[in-house]
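Listed here are the chains, written in short residue letters.
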Amino acid sequence: MNLYEMHAAADTPARTWCGGNLGGDNETCVTTTPLAEADAFIVGDSKPEGAGRELRMTGAELDSFALRWARDRGLKL
């Protein structure tokens, strides 16, 4: 399965996950947009320098990343 050949789900907008600063023109956000054909997502960056760049990951890959990230950073879920 090539995630980069798949299209975003037409009826689901991107979700924005912000944090890291107090807002303004350089707000640091990550966007996730579900793909229509699989349990997978387009991961984007809200900063102007990140425009047009994306990463695609399956739901399982993102779940694994999130859990390990939280554990390695000492965050509580």
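Provided above is the structure to which this section pertains.
Residues numbered from 1 in each chain as written. Predicted model: local features only at pLDDT ≥ 70, side-chain atom pairs only at ≥ 80, totals over all residues. Heavy atoms only, no water.

(A) Inspection of the overall build of the protein chain at higher detail. When helices and strands are tallied, the protein chain shows 1 helix and 4 strands. Its helices and strands taken in sequence order, the protein chain reads β-β-β-β-α from the N to the C terminus. Principal axes of the C-alpha set define a box for the protein chain whose edges measure 35 × 30 × 20 Å. Taking as baseline every contact in the protein chain between residues at least 6 positions apart, the subset at least 24 positions apart corresponds to 26%. When the accessible surface of the protein chain is split by element, carbon and sulfur atoms take 55% of a total near 5900 Å². For the protein chain, the distance from the average site of its 8 positive side-chain charges to the average site of its 12 negative ones is 10 Å. (Helix = DSSP H or I, 4+ residues; strand = E, 2+ residues; numbered from the N terminus. Contact = heavy atoms within 4.5 Å. Areas by Shrake-Rupley, 256 points an atom, 1.4 Å probe, with all protein chains shown as cover. Lys, Arg positive; Asp, Glu negative; His and termini not counted. Charge placed at Lys NZ, Arg CZ, Asp CG, Glu CD.)

(B) Structural detail: the state of the cysteines. Applying the stated rule across the entire model yields 1 disulfide. Through a disulfide, Cys 18 is tied to Cys 29; the S-S separation comes to 2.0 Å. Given an S-S torsion of about 100°, the disulfide between Cys 18 and Cys 29 has right-handed geometry. Within this pair, whereas Cys 18 is found in strand 1 (residues 15–18), its partner Cys 29 is found in strand 2 (residues 29–34), the two being separated by 11 residues in sequence. (Disulfide = S-S within 2.5 Å.)

(C) Up close: the pattern of salt bridges. Taken as a whole, this structure holds 2 salt bridges when the rule is applied. Close ionic contact of Glu 54 with Arg 56 constitutes a salt bridge, the shortest N to O distance being 2.7 Å. On the basis of relative accessible area, Arg 56 is assigned to the buried category, the value being 12%. Measuring nitrogen to oxygen at the nearest pair gives 3.0 Å for the salt bridge that ties Arg 71 to Asp 72. Side by side, Arg 71 and Asp 72 carry an identical accessibility label, which is exposed. (Salt bridge = Lys/Arg side-chain N within 4 Å of Asp/Glu carboxyl O. Buried < 20%, exposed > 50% of the residue type's maximum accessible area, 1.4 Å probe, protein only.)

(D) Main features of the pairing of strand 2. The element strand 2 is largely enclosed, with a buried count of 5 among its 6 residues. Where strand 1 lies against strand 2, 4 bridges are found, and the strand directions are antiparallel. Paired with Arg 15 across the bridge in strand 2 is Thr 32. Pairing geometry for strand 2 and strand 3 (residues 40–45), over 5 bridges, is antiparallel. The residue bridging Pro 34 from the neighbouring strand is Phe 41, located in strand 3. (Pairing = 2+ DSSP bridges.)

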